[in-house]
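# Topology and contacts: notes
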Amino acid sequence: MSGYALGFDLSTQSLSVIVMDSDCEVVLEYSLNFDRDLPHYQTKGGAHAGENGRFTSPALMFVEALEKVFEHLKERIPLDQVRCISGSAQQHGSMYWRRGAVELLRHLNPEVGIAQQLQTAFSRQECPIWMDASTRKQCNYLETILGGPEIVAEKTGSRIYPRYTAAQIRKIYEEEPQIYQDTEHISLISSGMASLLLGEYAAEDVADAAGTGFFELQSDPPKWWDLAVEHTAPLLKDKLVSEPVYSYCPLGKIHTYFAERFGLDRKHCFIFPWSGDNPNSAAGLLLQAERDLAVSLGTSDTAFAITKQIKPRIEAHVYRSPMKPLEFIPLVCYSNGSLTREAIKDMDSMEPRTWESFTNSLLQTPPGNNGILGFYYRVPEILPSAKPCTPTFFNMDMKLVENIDYNTKVRAIVESRCLAIKIHMDRFQVKYDRVWATGGASENEEILQILADVLQAPVHRVLYYNSASLGAAYRAWHGKAYADNPSNLEDFHDFIRSKQQLSPSNISKNRKLVWQPNPEASRVYLKMFPIYEDLEKSFETH
Ligand SMILES: Nc1ncnc2c1ncn2[C@@H]1O[C@H](COP(=O)(O)OP(=O)(O)O)[C@@H](O)[C@H]1O
Ligand SMILES: O=C(CO)[C@@H](O)[C@H](O)COP(=O)(O)O
C-alpha cells in the first residue's frame, strides 16, 4: 500500500488532523481551535452554555471546521494521494438533519463553500454535546420504562447518563416536538462528520454507538436495542441508519464535492466509520487487553482500558473496542477536566497565569499535600453526579478548611482527580501494570508524576499526544487493508506493528518518556483513598 491516511479528531475545543503515510509515520499535524479560528460562532471552550446545565455546539461550526482543515491540507500535501480517511469525535453528541437535507448533502456544488450550502440542512442549529447535564428527567423516564438502571447497564454497558444520546433525543422530542418532526435523520457527531465526507448518511461504528443508551453492547452482528429506540422517541428507528457497523467496514468513497474542490481521488479514497475520541485513543495507544490503562486529560478527564469480558456497573461506562470486534472499553469520565484546572490556574488573578506557574505550585507542595483534598465542579460533574460548586477543600479529618494558599489549592485539585481515577477504575477490577497518558494536560510532567504515584504504576507518554487522531489514522489503514482483501481481517495490533517495523524512522516514532512511581509517595496516597471516597459521596446529588 502507498499514499496517505487522514485521521481527524473533532474534540470539544478543536478539530485536529494528522496525515499518516503507509508506514504509519505521521508526516503532518494541524489543529484548528474553535474559539480562536472560528470566532463568529462565539463559543467558549468550543461550546455554548445555556440554562440548567445545557451545553451545545453549532453544527455549522463543525462543517466549516472540516472545510478549513481541507483548505490547510490542500496547500501542504498531494491530496490525490490520500487513500483512506477516518476520524474521532467527542462522544454522545447528536446532529439533527432537516427533512430534505440528504439531497443538499448529495448535490453539493464544489464551487461554493460547504457551510454556506448546508445553512438550512439542520433542523436544530445547536448540537447537544457530552457536557450537557440538562436531561435528568428524561434519564429517569427511560431507565424506569426500560426496567431500571441495572437492566439498562447490563444491556447497553451503562445506565442512561444525562449526556447520553437517548436522553438528548427524548428531550428534543418532548420539548421541541416541531424540531423532532422536521428531522429526517439523527447522527452522532462522529457519524455526522463521516456523512459530510461521504455525501450520504453514514453508519455509527460499534464503539461510539455504545455511548447512545440504545445500542446492545454485546450484539454480534451489531444492533440497536429496539425497545430502547422505541421508548426514546416515536419513529426514531426511521431517523437512524439501519444498524451500527464494525469500525473497519468501508462506508464508501469520498464525496465528489471534496474530490473536485480539494483534489482528492474519488475512485481511490475510502471513508471509514468515525468513532468516539476515547475508543480511538485506545487504538492510537495500541492498548492491550488486561495490561494497559489509558488516562486522557483533555477537556474531559477519562480513564479506560480494554477487556475481553465485561460486567457493566451502574457507575461509569462500558463501550465497544474499535480494534477487535468483541472486546470492550470500561471507562470513567469527569466533565471537570482541563477547563477546571485552567480556572484553578487563573484563580484570584487579574491576568491568566502560565502553566509554568501551575507546575511550580505542584513542585512546591509535597505528595499528599499535607492532607488537603479539593473539590471544584465548575460545570455539573458526571462522577460523582454533582452540582457545580466553588473550590472546596478538606483536611484528613474531613473538616472544611479555608484560607489555604494557592499552591496547596492547585495540588489538591490535581491529586484529588488522580485519587478519583484510581478508586473508580479499580471498581471495574481491570488489571494493568502500565499507564498511557494522553490529551492536552499530559504535556504537564508534574501531573504525570502524581498520576504514577497515585496509580502505583509507570506512566508513559507517547510522542503524539493526540492519540485520538492517531487511532483514527491507524484504523483507516487497517480498514483499507480489509477493503482491499475482505477475506482477511488482520489483527489490529499485528497490522500496525508490522507497518511500523517497515518505517525507517521507527525509532523516533516510538520515542516515549516514562514516569516511575515513587513508593514513598504511593504510601502517602494509600491513606487518602478512603477519606477521598467518603468526601466524594457528600457531593453526590443523585
Ligand atoms: N502544560 C499544561 N498543563 C496542564 N494542562 C494543559 C497544559 N497544556 C495544555 N493543557 C490543557 O489541555 C487542554 C486541551 O487539551 P485537549 O486534549 O486538546 O482537549 P480536547 O481534545 O478535549 O479539545 C487545554 O484546555 C489546557 O487546559
Ligand atoms: O463524554 C465523554 C466520554 O464518555 C467525553 O470524554 C467526550 O468524548 C469528550 O471528549 P474530549 O473533548 O474531552 O476529548
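The name that an unreviewed UniProt entry assigns to the protein is Xylulose kinase, with the source organism given as Galdieria sulphuraria. Here is the UniProt Catalytic activity (unreviewed entry) comment for the protein, exactly as written: "D-xylulose + ATP = D-xylulose 5-phosphate + ADP + H(+)". The annotation that UniProt attaches to the protein under Sequence similarities (unreviewed entry) is "Belongs to the FGGY kinase family."

All right, on to the overall build of the protein then. Across its full length, the protein carries 21 helices and 22 strands. By the compact-globule yardstick of 24 Å for 542 residues, the protein fits well, its C-alpha radius of gyration being 22 Å. In terms of principal-axis extent, the alpha carbons of the protein reach across some 65 × 55 × 50 Å. Taking as baseline every contact in the protein between residues at least 6 positions apart, the subset at least 24 positions apart corresponds to 74%.

The next point concerns the site of ligand 1. Taken together, the neighbourhood of ligand 1 is formed by 16 residues, with S11, G298, T299, G440 and N444 sitting nearest. If you tally residues by element for the shell around ligand 1, the top one is helix α14 (residues 338-345), at four residues. Per-class residue counts for the shell around ligand 1 are three nonpolar, ten polar and three charged. The two domains that each donate at least three residues to the shell around ligand 1 are domain 1 (286-335 + 423-464) and domain 2 (338-420 + 519-537).

Before going further, it helps to spend a moment on the UniProt feature "domain: Carbohydrate kinase FGGY C-terminal" (unreviewed entry) in the protein. Sequence positions flagged by UniProt for "domain: Carbohydrate kinase FGGY C-terminal" (unreviewed entry) are, in local numbering, residues 293-477. As annotated, residues 293-477 comprises 32% helix and 21% strand, and the C-alpha atoms at either end are separated by 24 Å.

This paragraph deals with the sheet that holds strand β18 (residues 392-394). Ordered in space as β17-β18-β19, the three strands form an open sheet in which the pairing is antiparallel. Among the strands making up the open sheet, the edge pair consists of β17 (373-375) and β19 (400-401). Relative to β18, β17 is paired through three bridges, and the arrangement is antiparallel. Residue L373 lies in a different strand from β18, and its bridge partner there is F394. The strands touched by helix α16 (residues 406-426) are β17 and β18; relative to β17, the strand with the most contacts, the crossing angle is about 80°.

The next subject is the UniProt feature "domain: Carbohydrate kinase FGGY N-terminal" (unreviewed entry) in the protein. UniProt feature "domain: Carbohydrate kinase FGGY N-terminal" (unreviewed entry): in the numbering of this structure it lies at residues 127-267. The span residues 127-267 carries 45% helix and 7% strand; its end-to-end C-alpha distance comes to 32 Å.

Between D220 and P221 the backbone carries a cis peptide bond, its omega angle lying at 5°. Within the secondary structure, P221 sits in the loop between α10 (206-209) and α11 (226-232). Phi is positive for Q42, close to 50°, though the residue is something other than glycine. Position of Q42 relative to the elements: it lies in the loop between α1 (34-37) and β4 (48-49). By the C-beta count within 10 Å, which is 11 here, Q42 ends up exposed.

The next thing to look at is the domain arrangement of the protein. According to the domain assignment, the protein contains domain 1 (286-335 + 423-464) and domain 2 (338-420 + 519-537). Each of domain 1 and domain 2 was reduced to a C-alpha centroid, and the two centroids are 21 Å apart. Of the residues lining the interface, 22 residues belong to domain 1; the matching set on domain 2 comes to 25 residues. Class assignment of the residues belonging to the side of domain 1 that touches domain 2 gives a composition of eleven nonpolar, seven polar and four charged.

Turning next to helix α2 (residues 59-74). Here α2 contains 16 residues, and its C-alpha end-to-end distance of 23 Å stays within 8% of the 22 Å for a straight helix at 1.5 Å per residue. Among all positions of α2, only A59, L60, M61, F62, V63, E64, A65, L66, V69 and L73 are buried.

All right, on to the pairing of strand β3 (residues 26-33) then. One ladder, built from seven bridges, connects strand β2 (residues 14-21) with β3; its direction is antiparallel. Counted as the bridge partner of V17 is Y30 from β3. Remark: four residues form the turn of the hairpin made by β2 and β3, two consecutive strands paired antiparallel; C24 in that turn has positive phi of roughly 65°.

This next bit is on the sheet that holds strand β5 (residues 55-58). The three strands are arranged β4-β5-β8 in an open sheet whose pairing can be described as antiparallel. The open sheet has two edge strands with one neighbour each: β4 and β8 (126-128). Inspection of the sheet shows β4 paired to β5 by two bridges, in the antiparallel sense. Each residue of the ladder has a partner; that of H48, found in β5, is T56.

Looking now at the packing of helix α13 (residues 277-284) against helix α18 (residues 467-484). Two numbers describe how α13 lies on α18: the axes approach to 7 Å, and their chain directions differ by 70°. Between α13 and α18, the angle is such that the two are roughly perpendicular. Here α13 contributes D277, N280, S281, A282, A283 and G284 to the contact with α18, which in turn contributes S467, A468, L470, G471, A472, Y474 and R475. Tallied by class, the residues present in the contact of α13 with α18 amount to six nonpolar, five polar and two charged.

Where α16 meets helix α21 (residues 519-537), the axes come as close as 10 Å, and the angle between the chain directions of the two elements is 90°. If you check the angle between α16 and α21, you find them roughly perpendicular. Along its contact with α16, which presents S416, L419, A420 and I423, the element α21 presents Y525, M528, F529, Y532, E533 and E536. Of the residues belonging to the contact of α16 with α21, the class tally is seven nonpolar, one polar and two charged.

So, about the nonpolar core. With 170 residues, the main nonpolar core has M193, L451 and A473 as its most contacted residues. If you count residues domain by domain, this core takes at least three from each of domain 1 (286-335 + 423-464) and domain 2 (338-420 + 519-537).

Quick look at the environment of G199 now. Take G199: it is sitting in the loop between α9 (189-198) and α10. Sequence-wise, G199 and F258 are 59 residues apart; in three dimensions their C-alpha atoms are separated by 9.6 Å. Those residues in contact with G199, other than ones at most four positions away along the chain, are L105, R106, H255 and Y257.

What follows concerns the environment of A259. Positionally, A259 belongs in helix α12 (residues 256-262). On the neighbour-count criterion, A259 (18 C-beta atoms within 10 Å) is partly exposed. A259 sits 199 residues away from P458 along the chain, and the two C-alpha atoms are 45 Å apart. In this view, A259 contacts I254, L264, D265 and R266; residues no more than four positions away in its chain are not counted.

The rules behind these values
- Residues numbered from 1 in each chain as written.
- Chains lettered and ligands numbered in written order.
- Predicted model: local features only at pLDDT ≥ 70, side-chain atom pairs only at ≥ 80, totals over all residues.
- UniProt positions renumbered as here; feature names shortened; annotations may be inferred.
- Helix = DSSP H or I, 4+ residues; strand = E, 2+ residues; numbered from the N terminus.
- Rg over C-alpha atoms; globule rule 2.2 N^0.38 Å.
- Contact = placed C-beta atoms within 7 Å.
- Near = placed C-beta within 6 Å.
- Nonpolar A, V, L, I, M, F, W, Y, C, P; charged D, E, K, R; others polar.
- Domains from an automatic or database assignment.
- Pairing = 2+ DSSP bridges.
- Axes fitted to C-alpha atoms, helices over the stretch in contact; angles between N-to-C directions.
- Buried ≥ 20, exposed ≤ 12 C-beta atoms within 10 Å, placed from the backbone.
- Expected span 1.5 Å × (residues − 1).
- Parallel < 35°, antiparallel > 145°, perpendicular 65-115°, else oblique.
- Core = buried A, V, L, I, M, F, W, Y, C linked by C-beta atoms within 7 Å.

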